[in-house]
Amino acid sequence: MAFAESDPGRNALSPDAATAKILVAGGFGAGKTTLVGAISETEPLRTEELITEASVGVDDLAGVEQKTTTTVAMDFGRITLGPALVVYLFGAPGQDRFWFMWDDLSRGALGAVVLADARRLESCFPSVDFFEHRGIPFAVGVNCFDGRCDEDAEEIRTALDLDPDVPLVLCDARDRESVKGVLLALLEHVMRGLAAEASQARQPV
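Residues numbered from 1 in each chain as written. Predicted model: local features only at pLDDT ≥ 70, side-chain atom pairs only at ≥ 80, totals over all residues. Heavy atoms only, no water.

Peer 1: How would you explain helix H1 (residues 32-39) if you had to name every residue and give the values?
Peer 2: Most of H1 sits inside the fold, with six of its eight residues counted as buried. If you check which residues of H1 are buried, you get Lys 32, Thr 33, Leu 35, Val 36, Ala 38 and Ile 39. (Buried < 20%, exposed > 50% of the residue type's maximum accessible area, 1.4 Å probe, protein only. Helix = DSSP H or I, 4+ residues; strand = E, 2+ residues; numbered from the N terminus.)

Laid out in structure tokens, this is it:
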């Protein structure tokens, strides 16, 4: 599957172009807002608020003490993948007090990206569990902070107890091309799943 250059001016949309919804989830401070902003061809919608003293004892700032804002509803971005497909990205808030929103945000999603911070892998466990339990295909993007990844991908896969077919990609959430790689891995994973379902449906009873 080719990942077309997203340029809505050059890739004129077909009147019957398909749309797809992808959810971006993960732990608090994993880089979800950054990822959506890096790939969106439009100015992303953000619902960030300043972190205040009210967060003390409520949000776990361990490992992200420098973080000054937090998403309180969702991030929203768009990317055009050629003339026949537009993908809408919905970034979910990471704090557990906002998990009640995930069901609504995930409704109708083609798939999801779980963004993981290798320094705090436990913070993405709820996201992995959420998509596994609901049967929503997902890929894991391990955000390489400071532009480097010292972590071993297979060790991370083992720590997250991922099924062998779940894509895991080391990435930099600030870099557009790197984020494209994560989305491509997810879309290919979704297509393989759909092809397997179609093949199974054709099997004689």
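Peer 1: Give me the sheet that holds strand S7 (residues 138-143): which residues, what numbers.
Peer 2: What the six strands build is an open sheet, ordered S4-S5-S1-S6-S7-S8; its pairing is mixed. Where the open sheet ends on each side, the last strands, each with one partner, are strand S4 (75-80) and strand S8 (168-171). Ignoring strand direction, the axes of neighbouring strands in this sheet form an average angle of 25°. Inspection of the sheet shows strand S6 (residues 111-117) paired to S7 by six bridges, in the parallel sense. The residue bridging Val 114 from the neighbouring strand is Val 140, located in S7. Across the sheet, helix H4 (residues 153-160) is in contact with S7 and S8; its angle to S8 comes to roughly 125°. (Pairing = 2+ DSSP bridges. Axes fitted to C-alpha atoms, helices over the stretch in contact; angles between N-to-C directions. Contact = heavy atoms within 4.5 Å.)

Peer 1: How would you explain unusual backbone geometry if you had to name every residue and give the values?
Peer 2: The backbone of Asp 161 sits at a positive phi, close to 55°, despite the residue not being glycine. Among the structural elements, Asp 161 can be located in the loop between H4 and S8. A relative accessible area of 62% means that Asp 161 is categorised as exposed.

Peer 1: Which residues make up the environment of Ala 112, and what values go with them?
Peer 2: Inspection of the secondary structure assignment puts Ala 112 in strand S6. Separated by 28 residues in sequence, Ala 112 and Val 140 place their C-alpha atoms 8.6 Å apart. Each residue touching Ala 112, except ones within four places of it in the same chain, is listed here: Ile 22, Leu 23, Phe 131, Ile 136, Pro 137, Phe 138, Ala 139 and Leu 186.

Peer 1: Can you explain the environment of Gly 135? Please cite residues and give values.
Peer 2: Mapped onto the fold, Gly 135 is located in the loop between helix H3 (125-134) and S7. For Gly 135, a relative accessible area of 61% gives the class exposed.

Peer 1: Could you give me a rundown of H3, with the residues and numbers involved?
Peer 2: Count 3.6 residues to each turn of an α-helix, and residues three or four apart come out pointing the same way. Within the span of H3, buried status applies to Ser 127, Val 128, Phe 130 and Phe 131. Projected down its long axis, H3 carries its buried residues within an arc of 160°, all on one side. Contact partners of the buried residues in H3: strand S1 (18-26), helix H2 (102-106), S6, S7 and H4. Count one or two residues on from H3 and you reach Gly 135, which has phi positive near 70°. (Arc of directions from axis to C-beta.)

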